[in-house]
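# Remarks on the overall topology
In case you want the letters, here they are:
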Amino acid sequence: MNVGGHRITNVELSTAVEAVGLQEVATFRASGNVIFSSPRRSTERLASDIETGLLETLGYAVPTFLRSGEEIRAIVARRPFSAAAGRVLKGKAQVAFLSAAPGARERQAVLALAGKRDALALEGCELHWLPVGPMSESELDLKEIERLLGAFTVRTTGTVAEIAARHFSA
């Protein structure tokens, strides 16, 4: 899998995360998704500890996007696009995980990038994207989105739903 622009295995990623002191570490596919439990720490502190630990263990920076099991279930439950949009835009729904919720100016600028071939919706720290077809056919300017919102990571909503079902079912 590609983590921070480098190729590593699930075992290497799990080992690096365990070195931070996290427990019950499990990876999901070769996707960079890691599920774990942790003694109570603030999300910001935990993300910082993980990023520092990954840098020390792997030797390069890896942006970290944390969501609790409750937050993952909430993302799966969201329906940011209308049924009509789903009939027109045939691509797989995507969700981009952000480090923080964008401000009003950034929000407006990102949503203006949607055009007719892609639908975008911002909810909290996630940007939902429904492309016209395969992502490779989209004209959405992901570099501009990153410039406006900072680093992010994208997963299909199907992948997020599988993680929720496998690791966070109620």
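The notes below deal with the structure included here. (Residues numbered from 1 in each chain as written. Predicted model: local features only at pLDDT ≥ 70, side-chain atom pairs only at ≥ 80, totals over all residues. Heavy atoms only, no water.)

What follows concerns the overall build of the chain. Assigned secondary structure in the chain consists of seven helices and eight strands. In summary, the chain has a C-alpha radius of gyration of 16 Å against a globular reference of 15 Å for 170 residues, a match within 12%. Dimensions along the principal axes, computed over C-alpha positions, put the chain at roughly 45 × 35 × 30 Å. For the chain, buried positions account for 38% of its 170 residues. Across the chain, the centroid of the 20 positively charged side chains sits 6 Å from that of the 19 negatively charged ones. (Helix = DSSP H or I, 4+ residues; strand = E, 2+ residues; numbered from the N terminus. Rg over C-alpha atoms; globule rule 2.2 N^0.38 Å. Buried < 20%, exposed > 50% of the residue type's maximum accessible area, 1.4 Å probe, protein only. Lys, Arg positive; Asp, Glu negative; His and termini not counted. Charge placed at Lys NZ, Arg CZ, Asp CG, Glu CD.)

Examined against the element boundaries, K90 turns out to sit in the loop between α4 (83–88) and β5 (94–98). Among the residues examined, K90 registers a relative accessible area of 60% and is labelled exposed. Sequence spacing of K90 and L130 is 40 residues, and the spatial spacing of their C-alpha atoms is 7.9 Å. Other than its neighbours up to four places away in sequence, K90 contacts P131, V132 and G133. (Contact = heavy atoms within 4.5 Å.)

The next subject is the sheet that holds strand β6 (residues 118–123). Each strand in a sheet pairs with another by means of backbone hydrogen bonds, the pair being arranged parallel or else antiparallel. Spatially, β6-β7-β5-β8 is the arrangement adopted by the four strands of the open sheet, whose pairing is antiparallel. The open sheet terminates on both sides in strands that have one partner only, identified here as β6 and β8 (152–156). Between one strand axis and the next, the sheet turns by 20° as a mean value, whatever way the strands run. Pairing between β5 and strand β7 (residues 126–131): four bridges, direction antiparallel. Each bridged residue has a counterpart across the sheet, and for A96 the counterpart in β7 is L127. (Pairing = 2+ DSSP bridges. Axes fitted to C-alpha atoms, helices over the stretch in contact; angles between N-to-C directions.)

On to empty space enclosed by the protein, then. Applying the stated criterion across every chain, the model contains one cavity of 30 Å³ or more. There is about 40 Å³ of room inside the largest cavity. Around the largest cavity, the lining residues are Q94, V95, A96, L120, L127, W129, L140, L142, I145, F152 and V154. Within the residue set of the lining of the largest cavity, elements represented by two or more residues are β5, β7, α6 (142–149) and β8. No other element matches β5, which puts three residues into the lining of the largest cavity. Residues that form the lining of the largest cavity fall into these classes: ten nonpolar, one polar and no charged. (1 Å grid on protein atoms, 1.4 Å probe; cavity = no way out; pocket = protein on both sides within 12 Å on 5 of 7 lines; lining within 4 Å. Points joined across faces, edges and corners; volume = space filled by probe spheres on them. Nonpolar A, V, L, I, M, F, W, Y, C, P; charged D, E, K, R; others polar.)

Another point: the pairing of β6. Along β6, five of the six residues are buried, which leaves the element largely enclosed by surrounding structure. Sheet topology note: the β6/β7 ladder contains six bridges and is antiparallel. Looking at β7, one finds that E123 is bridged to E126. Count of turn residues in the β6/β7 antiparallel hairpin: two residues, of which G124 carries a positive phi of about 60°.

Here we come to the nonpolar core. In this structure, I8, V17, L22, I50, L54, L58 and V62 are the most contacted members of the largest nonpolar core, which totals 16 residues. For this core, the secondary structure elements donating two or more residues are α1 (10–18) and α2 (43–58). Here this core gets five residues from one element, more than from any other, and that element is α2. When near neighbours in sequence (up to four residues on either side) are disregarded, I50 contacts V20, L22, F36, T64 and L66. (Core = buried A, V, L, I, M, F, W, Y, C linked by side-chain atoms within 4.5 Å.)

Another point: the side chain of T64. Looking at the element boundaries, T64 is found in the loop between α2 and α3 (69–77). A polar contact of 3.3 Å, which involves the side chain of T64, links it to the backbone oxygen of V62. With residues near it in sequence (within four places) discarded, T64 still touches A47, I50, E51 and L54. (Polar contact = N/O pair within 3.5 Å; in protein donor to acceptor, adjacent residues only side chain to side chain.)

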